[in-house]
Amino acid sequence: MRRVFKGVAWLVIFGVLAIGILLAALWFEHRAAVALPAPTGSFAVGRATYVWTDGTPDTLAPAPGTNRELLVWMWYPAAAGKSGAMVENYLPAPLRAVVEGERPALITRFLTRDLSKVHAHSLGNADVAQPQRPYPVVIFRAGASGEVWNYSALVEDLASHGYVVVGFDAPYRTGLVVFPDGRVIRRTPDNNPEFCLPQPVEERTRCVDRLLAAWNGDLAFVLDRLERLNASDPSARFTGRLDTTRVGVFGHSFGGAQAAQFCHDDPRCTAAIDVDGAPVGTVIREGMAKPFMFLLSDHTSETDPESQQIRSDVRSIYDRVPPDKRLHVVIRGANHFTFSDDGAVLKSRLLRGVLRAFGRLRIDGRRQLAITAYCVRTFFDAYLKGTGTPRPEMSSSLYPEILVLD
């Protein structure tokens, strides 16, 4: 018995030491500084935020009569070297404090990055770079209830290639919105698209259509305001700098599904990309005549009925887009959740090893972001800037993970 107790004691000691070493490694990882991938374009990138409101009731607000109010983020080609322009924090300090305060202590201190140690590349107080003509506009929508700032790597890269990229967070459907005046508004549970999924088919359709109508209304409102901003910006920064005749829309997950439906509905949309989003809405059966790309992770191993229905819906849309205006691209090894900045800040070898062991991560997150950025800008270069062939050559020797399907 003494030997047994001694063996158990040693196991406990080794277990405690192992846990201590693990926590120490995670703590140092949490505190280590990390920069988002550097933008690959020739322009410096500026960032500005706005609060836009109108008199339209917000149909997803819990209190009747609440008007729509959006926190809008804009990334744009910036005039480098302007006096007073400084690199912005990844998140403004008040927003960062709220985000970190929302997380449980274990997650905040050990399983995520200290957001003050994450560095972006955008400049604040920067003028728009002088173009030969106004810049095309691309509107981005985050996945489900995600915040737009969590996709800074993708939008900074696109802006560095000569685009004004606009994203926004919307109260009651975005997970967390922190306004400059200190107000904090969280998503209400029934505005989460995942809330719709377990419901019977007819109720699920009504639930999704309700959310989609509000999301599309937000996007149309933002485009209205961009047209006004281009006509007369009180700061003069964007007056005459936005080409609202060349408008792209893209999004991730439910944001990608929204991009498809909005481009189907609104004639001002020139081209759209769905990044790994399951299609919803009337676009499934009606398709669209505008340039459109599915940019997906590899779902071939998913054989459940829901996945088969999603593949059928993807095919239904794709087959209804003109052949010279459509692309169906798969990134081999990509993970649905690392199209965001999570793919850039996930540097821990330990955590990456665990995710690989469970088949959740097959390529490096930064490489996935680099491939995604390449595909997004190649598509928009072709259809918003008019460069290259009508249907761009997406395959690249630099990125053999790209698989172009027909």
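Data block above holds the structure.
Rules used throughout
- Residues numbered from 1 in each chain as written.
- Predicted model: local features only at pLDDT ≥ 70, side-chain atom pairs only at ≥ 80, totals over all residues.
- Heavy atoms only, no water.
- 1 Å grid on protein atoms, 1.4 Å probe; cavity = no way out; pocket = protein on both sides within 12 Å on 5 of 7 lines; lining within 4 Å.
- Points joined across faces, edges and corners; volume = space filled by probe spheres on them.
- Helix = DSSP H or I, 4+ residues; strand = E, 2+ residues; numbered from the N terminus.
- Nonpolar A, V, L, I, M, F, W, Y, C, P; charged D, E, K, R; others polar.
- Disulfide = S-S within 2.5 Å.
- Buried < 20%, exposed > 50% of the residue type's maximum accessible area, 1.4 Å probe, protein only.
- Axes fitted to C-alpha atoms, helices over the stretch in contact; angles between N-to-C directions.
- Parallel < 35°, antiparallel > 145°, perpendicular 65-115°, else oblique.
- Left-handed = near helix turned anticlockwise from the far one by under 90°.
- Contact = heavy atoms within 4.5 Å.
- Pairing = 2+ DSSP bridges.
- Right-handed = clockwise from strand over helix to strand, strands pointing away.
- Phe/Tyr/Trp six-rings, centres within 6.5 Å; stacked < 30°, edge-to-face > 60°.
- Lys NZ or Arg CZ within 6 Å of the ring centre and 35° of its normal.

1. So, empty space enclosed by the protein
Following the criterion strictly, the structure yields one cavity of 30 Å³ or more and no others. Size it by volume and the largest cavity reaches roughly 30 Å³. Lining the largest cavity are Leu154, Asp157, Leu158, Phe250, Ala373, Val376 and Arg377. Secondary structure elements with two or more residues in the lining of the largest cavity: helix H4 (152–159) and helix H12 (365–384). Split into classes, the residues belonging to the lining of the largest cavity amount to five nonpolar, no polar and two charged.

2. Observations concerning the state of the cysteines
All told, the structure shown has two disulfides when counted by the stated rule. Across the disulfide from Cys263 sits Cys269; the S-S distance is 2.0 Å. The chirality of the disulfide connecting Cys263 with Cys269 is left-handed, given an S-S dihedral of about -90°. Accessibility classification places Cys263 together with Cys269 in one group, the buried group. If one numbers only the bonded cysteines of the chain, in the order they occur, the disulfide pattern is 1-2, 3-4.

3. Here we look at the packing of helix H6 (residues 201–231) against helix H7 (residues 254–265)
H7 packs onto H6 with a crossing angle of 70° between their chain directions and a minimal axis gap of 10 Å. Taken together, the axes of H6 and H7 lie roughly perpendicular to each other. Like other packed secondary-structure pairs, H6 and H7 cross with a definite hand, here right-handed. Every residue of H7 that contacts H6 at Val208, Leu211, Leu212, Trp215, Asn216, Leu219, Ala220 and Leu223 is listed here: Phe254, Gly255, Gln258, Gln261, Phe262 and Asp265. Per-class residue counts for the contact of H6 with H7 are nine nonpolar, four polar and one charged.

4. So, unusual backbone geometry
If you check the backbone angles, Ser253 has positive phi at about 60° while not being a glycine. Within the secondary structure, Ser253 is located in the loop between strand S11 (242–252) and H7. Judged by relative accessible area, Ser253 falls into the buried class, the value being 18%. Positive phi outside glycine occurs at Asp276, with the angle close to 55°. Summarising the element assignment, Asp276 is placed in the loop between strand S12 (271–275) and helix H8 (283–286). According to the relative accessible area criterion, Asp276 is buried, its value standing at 6%.

5. So, the packing of H4 against H12
The geometry of H4 relative to H12 is characterised by a closest axis approach of 10 Å and an angle of 40° between their N-to-C directions. Here H12 runs oblique to H4, going by the angle between their axes. Between H4 and H12 the crossing geometry is right-handed. The residues of H12 that touch H4, namely those facing Ala153, Leu154, Asp157 and Leu158, are Leu369, Thr372, Ala373, Val376, Arg377 and Phe380.

6. A short note on the pairing of strand S13 (residues 292–297)
Among the six residues that make up S13, six are buried, leaving the element largely enclosed by the rest of the structure. Neither face of S13 is left uncovered, since the one carrying Phe292, Phe294 and Leu296 and the one carrying Met293, Leu295 and Ser297 both have all their residues buried. Direction of pairing for S12 relative to S13: parallel, over a ladder of four bridges. Across the sheet, the residue bridging to Asp274 is Phe294, located in S13. Pairing analysis gives six bridges linking S13 to strand S14 (residues 326–331), with the strands arranged parallel. The residue of S14 that forms the bridge with Phe294 is His328. Crossover S13 to S14 through helix H9 (residues 305–319) is right-handed.

7. Notes on H4
Counting buried residues in H4 gives eight out of eight residues, a clear majority hidden from the surface. Turning to H4, its buried residues are Ser152, Ala153, Leu154, Val155, Glu156, Asp157, Leu158 and Ala159. Tucked inside the fold, the buried residues of H4 contact strand S2 (44–57), strand S3 (67–78), strand S7 (135–141), strand S8 (164–169), S11 and H12.

8. Considerations on the packing of aromatic side chains
Counted according to the given criterion, the structure contains 14 aromatic pairs. With a centroid separation of 6.5 Å and 55° between ring planes, the pair formed by Tyr163 and Phe380 is classed as tilted. You can see Tyr163 sitting in the loop between H4 and S8 and its partner Phe380 sitting in helix H12, a full 217 residues away along the chain. For Tyr163, a relative accessible area of 0% puts it in the buried group. Taking the relative accessible area as the measure of exposure, Phe380 reaches 0% and is therefore buried. Taking 4.8 Å as the distance between ring centres and 85° as the angle between the ring planes, the aromatic pair formed by Trp215 and Phe254 counts as edge-to-face. With a gap of 39 residues between them, Trp215 in helix H6 and Phe254 in helix H7 connect regions that are remote in the sequence. For the pair Trp215 and Phe254, a shared accessibility class is recorded, and that class is buried. Here the aromatic cluster, defined as three or more aromatic residues joined through ring pairs, consists of Phe140, Tyr151, Tyr163, Phe250, Phe379, Phe380 and Tyr383. Geometry around Trp215 places Arg141 over its ring, the cationic atom sitting 4.5 Å from the centre. One Lys or Arg, Arg183, reaches over the ring of Phe179 and ends 4.4 Å from the middle of that ring.

9. Some words on the side chain of Asp266
Relative to the assigned elements, Asp266 resides in the loop between H7 and S12. A relative accessible area of 10% places Asp266 in the buried class. When neighbours within four sequence positions are excluded, Asp266 is seen to be in contact with Ala220 and Lys290.

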